[in-house]
Each structure stands twice: as C-alpha cells, then as structure tokens.
Amino acid sequence: MVRGRNREGMLSQQLIARLFEDADLMAPQEMCGLLFEGDRYLRCQNVDPNPERGFLLHHDEYQEAVRYMGKAPWALVHSHPLASAGASPKDCGLMDAFEVAKIEMDMIIVGLQPKEIRIFKKDEHVYRCVWHTEKEPVTV
C-alpha cells in the first residue's frame, strides 16, 4: 500500500473533492498544502511574492504542521489555476531539490484547466506521473 492512498493507489473521492474545492477557492492564486498519511490534508498559506505564478510554503508553517501531525508529509500539494496538472520546470526543480536533500515526498498538482489531479515522483532521472484522475496514463 502506498502512503496516504487507498488500496488501489488512488486518492479518495473526498480528498479529490477537497483539493478541487481549495484550488477553486484560491484561484487565481496557486493553492498549496501538505498531505499526510490517511488522507490528512492541511492547506497552507502561499507566501510567494507572486502567488498567481508560483507557490511557497513558509518554513515555520511546515515545521508546525509536522509537529501537529506527528510525522512528515508524504506529498506537497499545489494548484495550477490557469493550466493543467502537468509538472512545470519549476516543479521539476523542486523535485530535484527533494532528491538532493534526500526527502521522500511526492508532488500533487491540481490543474483547473482542465480539471485534473496528478501525482508526480522523481524516479532516478525521470519525473513520472504515478497517478492521475484521467483515464490514460501520462508521462512527463
């Protein structure tokens, strides 16, 4: 079983609805948050100076979330209000940073145009979509 997902490896329907709801609520800014085991999702404040074009979590908020939840998140969540859930070069750079820092964390992207959710993980030198709300597999 994969952390934070159900037996089939998918996000629960309740979590999917919550992620779309938060992304819609925050648009045109990017929403961001953390996902912990058991579909425990925590939306965080986007402190990026230009939140319509990027996201940034404050370090203190991350640390407080980890203390509150009792463990590290398995995924970082953010939205693309004006685009699909494809991984941008900036998203890939963040996954590179996770790898360098030896942080095991997936990236969940909520796209609003079209409405879709994708989960990415860096696998050696490839950024892979390991789950999505679409019917056909997607690779980056």
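Relevant structure appears above.
Overview of the structure. (Residues numbered from 1 in each chain as written. Predicted model: local features only at pLDDT ≥ 70, side-chain atom pairs only at ≥ 80, totals over all residues. Heavy atoms only, no water.)

**Regarding the pattern of salt bridges**
When their charged atoms lie close together, side chains carrying opposite charge are able to pair. Under the definition given, this model contains 10 salt bridges. Note that arginine 43 is salt-bridged to aspartate 22, the shortest N-O span being 3.2 Å. In this pair, arginine 43 sits in strand β2 (residues 40-44) while aspartate 22 sits in helix α1 (residues 13-26), placing the two residues 21 residues apart along the sequence. Taking the relative accessible area as the measure of exposure, arginine 43 reaches 33% and is therefore partly exposed. Residue lysine 71 pairs with glutamate 37 through a salt bridge whose shortest N-O separation is 3.7 Å. With lysine 71 in the loop between α2 (59-69) and β3 (75-80) and glutamate 37 in the loop between β1 (32-36) and β2, this pair connects stretches of sequence that are 34 residues apart. Classification of lysine 71 by relative accessible area gives partly exposed; the value is 37%. With relative accessibility at 36%, the residue glutamate 37 sits in the partly exposed group. A single network of salt bridges, built from pairs that share partners, joins Arg18, Asp22 and Arg43. (Salt bridge = Lys/Arg side-chain N within 4 Å of Asp/Glu carboxyl O. Helix = DSSP H or I, 4+ residues; strand = E, 2+ residues; numbered from the N terminus. Buried < 20%, exposed > 50% of the residue type's maximum accessible area, 1.4 Å probe, protein only.)

This is a description of form; function is not addressed.
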